[in-house]
Structure formats: structure tokens, C-alpha cells
Amino acid sequence: GDSSAMHTFYNKVREMQAGKRRNVNLWHVGGSHVQAGVFSHRMRTLLSTMTGMPRAKRGILFPFGLAKTNYDKNYTIEHVGNWSTWRNLSKQPAGPLGITGIAARTSDSIASITLRLNARSRKPEWQFDRLHIIGYDSAGGVRPYILHEGERRYAARHAESSTYTFYYNELRDTATVYFDIPKGEEFTLTGIVPDNDLPGFCYYASGINGAAVPSWLRCEDLERDLRIVAPDLVIFAIGINDAHMPADKFDPEVFKNNYRKLMALIRRVSPDCAFLFITN
């Protein structure tokens, strides 16, 4: 019954269009309808077109091919080496999860990932000059690196956000990251963030096939990762999997209470965040 948060969001959009604010951040979270990326990526591109502003940050990505599952093919992430994966569908995940709801772990000495942001476009619609790798290692010895003119360039590590950052001299849309993994250690990847300072909408999306509201509540690093997003608007596309059961088994109060927990978590990061609930 209170639309003040939405008015705050609209004011932020107007300030961005007037050049008084650099970015407006959105986070679209849900299940298979978000993992497929069709709806969320259409929104991402149309918002950029509507304002006539540059296409700013692409969002937080993950190499879903590692888990042999679908994702929005407007970008690709190829991988080398042996990796194991797990998702937020399990009540006892194999390790901490964050904003993507999925993780991949490797101890392979030849492990690498190659990101191509514009897999379906000949022009560089989405670009970055910083690349953040979200993840953690088992004993502190893993060092992600890129190759620059044949030499290794190691990432800067930021312990508080559990990220490893590469800095580039110009905007680009492709990068290959290698992992220097000492014998007996392993590295867990939970997200990839191509970053830049361009103004405009930043549309982040997190979707896992089959995810319900409790799936996102069991991502113990979600609040930490949301500080990267700092959402001004959260689009909730969750609920179909919560309600996928006989009517006499569904408890509306449990469902609403889980939603309240998730909203409270988000408000701890962005107190004036607006919420938009959509149906599937």
C-alpha cells in the first residue's frame, strides 16, 4: 500500500538521465524463467535503448556450461579442465554459494575460463575494462592470472568481497582467465563480473532452474555479493517452484515469511530499494 520506494526509484532514473547520477541498478532474481535469460536480457537491452544511454555493466555471469545446463547464449564462457558444480537447490550445498546460486570447483592445473560478452553480435555492445572473479580457494595459494604479451599478470585480491580483479587499459569484450593452483589445493568459482564506468542501467540477473525462495536464502554469501550490485530495484520472479505442490501442502504463511526474510536481507544492503513482484 506504499509506493514511496517506487517513486524513489523513478527519481533515480530521472537523475541518471539528467546526468546527476551515473547508474541505476536492477537485480532480477528467480528460477528457470531467469536462468534462460530471454526475458531479463530483453529488459536489459530495451532499458538501454529507452534512455539512449550506453550499455553499462552487463551483470554477474557464470559458466553454466560447466553444469551442462542452459543459459542465455548472448554471451559464452568456455572452460578448460575438470570442474565439479553444485546449486542452491540442495539443502546442504557442497560449499558456500553467492548471488549466482551456483558454484564450480577445480583442482586442475590446466583450468581456465574464456569469456565472450558479445557472442551473437558483431559489434561490441557490452564491454569491460575491469574483470572481477568471485570465488575462494581452499588454502590461500591459488592465484588467477591472465596473459599479457606472453607474461602472466596476476589479479588483485579483495578479501572483503572475495573477488579477484583484473584491470585493462581499454574497453574490451573478451578475456581468458587461468588459475595457478598449487598441488593439493582447489579453487571455487561463484561468479564473473565484467565491469566498467559507463553511465546507464546496470541490469543484473540471477536464475537457477527449479529455485524457490528458500533456495536463495541458503546462499550464505548472497548479502555480501549484493553489495556489488547495490540494487535500486529488485524484480522478483520467484514463486512458481514454491507453489508446485498439491494445494493442501502449500502453506502461504511459510511462503510469505520466506519472502520477508529475503526482502530484509536486501534492505540491509539497499535500505531504499524498491521491489517489483512479477508472475511467470
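In what follows, the accompanying structure is described. Fair warning: this is a prediction, and the values are worked out from it, not measured in the lab. (Residues numbered from 1 in each chain as written. Predicted model: local features only at pLDDT ≥ 70, side-chain atom pairs only at ≥ 80, totals over all residues. Heavy atoms only, no water.)

Examining the overall build of the chain
No. 1: A tally of helices and strands in the chain yields six helices and 15 strands.
No. 2: Here the chain has a C-alpha radius of gyration of 19 Å; the compact-globule value for 280 residues is 19 Å, and the two agree.
No. 3: Seen through its C-alpha atoms, the chain measures out along the principal axes to roughly 60 × 50 × 35 Å.
No. 4: By residue count, 52% of the 280 residues in the chain fall in the buried class.
No. 5: In the chain, 80% of the contacts between residues at least 6 apart in sequence involve partners at least 24 apart.
No. 6: For the chain, the exposed area adds up to about 13,500 Å²; of that, 49% sits on carbon and sulfur atoms.
No. 7: Side chains of the chain carry 35 positive and 28 negative charges; the gap between the two charge centres is 4 Å. (Helix = DSSP H or I, 4+ residues; strand = E, 2+ residues; numbered from the N terminus. Rg over C-alpha atoms; globule rule 2.2 N^0.38 Å. Buried < 20%, exposed > 50% of the residue type's maximum accessible area, 1.4 Å probe, protein only. Contact = heavy atoms within 4.5 Å. Areas by Shrake-Rupley, 256 points an atom, 1.4 Å probe, with all protein chains shown as cover. Lys, Arg positive; Asp, Glu negative; His and termini not counted. Charge placed at Lys NZ, Arg CZ, Asp CG, Glu CD.)

Some thoughts on the pattern of salt bridges
No. 1: Inspection of every chain in the model, using the stated rule, returns 16 salt bridges.
No. 2: Where Lys12 meets Asp272, a salt bridge forms, and the shortest distance between an N and an O atom there is 3.1 Å. Of this pair, Lys12 sits in helix 1 (residues 4-17) while Asp272 sits in the loop between helix 6 (252-269) and strand 15 (274-277); the two residues are 260 residues apart in sequence, bridging distant segments of the chain.
No. 3: We classify Lys12 as buried; its relative accessible area is 7%.
No. 4: With relative accessibility at 37%, the residue Asp272 sits in the partly exposed group.
No. 5: What emerges from the salt-bridge pattern is a single network uniting Lys57, Asp129, Arg130, Asp195 and Asp197. (Salt bridge = Lys/Arg side-chain N within 4 Å of Asp/Glu carboxyl O.)

Some details on the side chain of Asp221
No. 1: In this fold, Asp221 is placed in the loop between helix 4 (213-217) and helix 5 (222-229).
No. 2: Its relative accessible area of 15% is what places Asp221 among the buried residues.
No. 3: Apart from the residues lying within four places of it in its own chain, the contact partners of Asp221 are Pro96, Leu97 and Gly98.

Comments concerning helix 6
No. 1: Look at helix 6: 26 Å from first C-alpha to last across 18 residues, which is about the 26 Å you get at 1.5 Å a residue.
No. 2: The complete set of buried residues in helix 6 reads Phe255, Asn258, Tyr259, Leu262, Met263, Leu265, Ile266 and Val269. For helix 6, the angular spread of buried residues about the axis comes to 155°, placing them on one side.
No. 3: Residues of helix 6 that are buried in the fold lie against strand 1 (23-30), helix 4, helix 5, strand 14 (233-237) and strand 15.
No. 4: Put simply, Asp251 is the residue that caps the front of helix 6, since its side-chain oxygen is 3.0 Å from the backbone nitrogen of Glu253. (Expected span 1.5 Å × (residues − 1). Arc of directions from axis to C-beta. Polar contact = N/O pair within 3.5 Å; in protein donor to acceptor, adjacent residues only side chain to side chain.)

Regarding the packing of aromatic side chains
No. 1: Tallied over the full model, the rule gives 16 aromatic pairs.
No. 2: Summarising the aromatic geometry, the rings of Phe250 and Phe255 are spaced 5.6 Å apart at their centres and angled 55° between planes, so their arrangement reads as tilted.
No. 3: Since its relative accessible area comes to 27%, Phe250 is described here as partly exposed.
No. 4: Here the aromatic cluster, defined as three or more aromatic residues joined through ring pairs, consists of Phe236, Phe250, Phe255, Tyr259, Phe275 and Phe277.
No. 5: We note Arg58 situated over the ring of Trp126; from NZ or CZ to the ring centre the distance is 6.0 Å.
No. 6: Its guanidinium or amino end placed over the ring of Tyr71, Lys73 lies 4.4 Å from that ring's centre, counting from NZ or CZ. (Phe/Tyr/Trp six-rings, centres within 6.5 Å; stacked < 30°, edge-to-face > 60°. Lys NZ or Arg CZ within 6 Å of the ring centre and 35° of its normal.)

Some points on the environment of Lys12
No. 1: Sequence-wise, Lys12 and Ala247 are 235 residues apart; in three dimensions their C-alpha atoms are separated by 41 Å.
No. 2: Filtering out sequence-adjacent residues up to four positions away, Lys12 remains in contact with Arg21, Val24, Asp232 and Asp272.

A short note on the nonpolar core
Soluble globular proteins tend to bury their nonpolar side chains together.
No. 1: By size, the foremost hydrophobic cluster in this structure holds 65 residues, and its most contacted members are Trp27, Leu131, Ile133, Phe236 and Ile266.
No. 2: If we skip the residues at most four places from it in the chain, Ile266 touches Trp27, Leu226, Pro231, Val234, Phe236, Cys273 and Phe275.
No. 3: If you look at the next biggest cluster of nonpolar residues, it comprises 13 residues, including Val24, Leu26, Leu233 and Ala274. (Core = buried A, V, L, I, M, F, W, Y, C linked by side-chain atoms within 4.5 Å.)

A short note on the sheet that holds strand 1
Strand pairing in a sheet relies on backbone hydrogen bonds. The paired strands run either parallel or antiparallel.
No. 1: The strand order across the open sheet built from four strands is 13-1-14-15, with neighbouring strands paired in parallel fashion. Looking at strand neighbours, the two that pair on one side only are strand 13 (200-207) and strand 15, the edges of this open sheet. For this sheet, the mean angle separating the axes of adjacent strands, direction not counted, is 20°.
No. 2: Against the sheet, helix 3 (residues 38-51) contacts strand 1 and strand 13, and its axis sits at roughly 175° relative to strand 13.
No. 3: Contacts between helix 5 and the sheet are confined to strand 1 and strand 13, with strand 1 contributing the most and set at about 145° to the helix. (Pairing = 2+ DSSP bridges. Axes fitted to C-alpha atoms, helices over the stretch in contact; angles between N-to-C directions.)

Some remarks on the packing of helix 5 against helix 6
No. 1: Where helix 5 contacts helix 6, the axes come no closer than 9 Å and their chain directions differ by 50°. Taken together, the axes of helix 5 and helix 6 are oblique relative to one another. As for how helix 5 packs across helix 6, the hand of that crossing is right-handed. Between helix 5 and helix 6, the contacting residues are Leu222, Glu223, Leu226 and Arg227 on the first element and Leu262, Leu265, Ile266, Arg268 and Val269 on the second.
No. 2: Along the lines of polarity and charge, the residues of the contact of helix 5 with helix 6 split into six nonpolar, no polar and three charged. (Parallel < 35°, antiparallel > 145°, perpendicular 65-115°, else oblique. Left-handed = near helix turned anticlockwise from the far one by under 90°. Nonpolar A, V, L, I, M, F, W, Y, C, P; charged D, E, K, R; others polar.)

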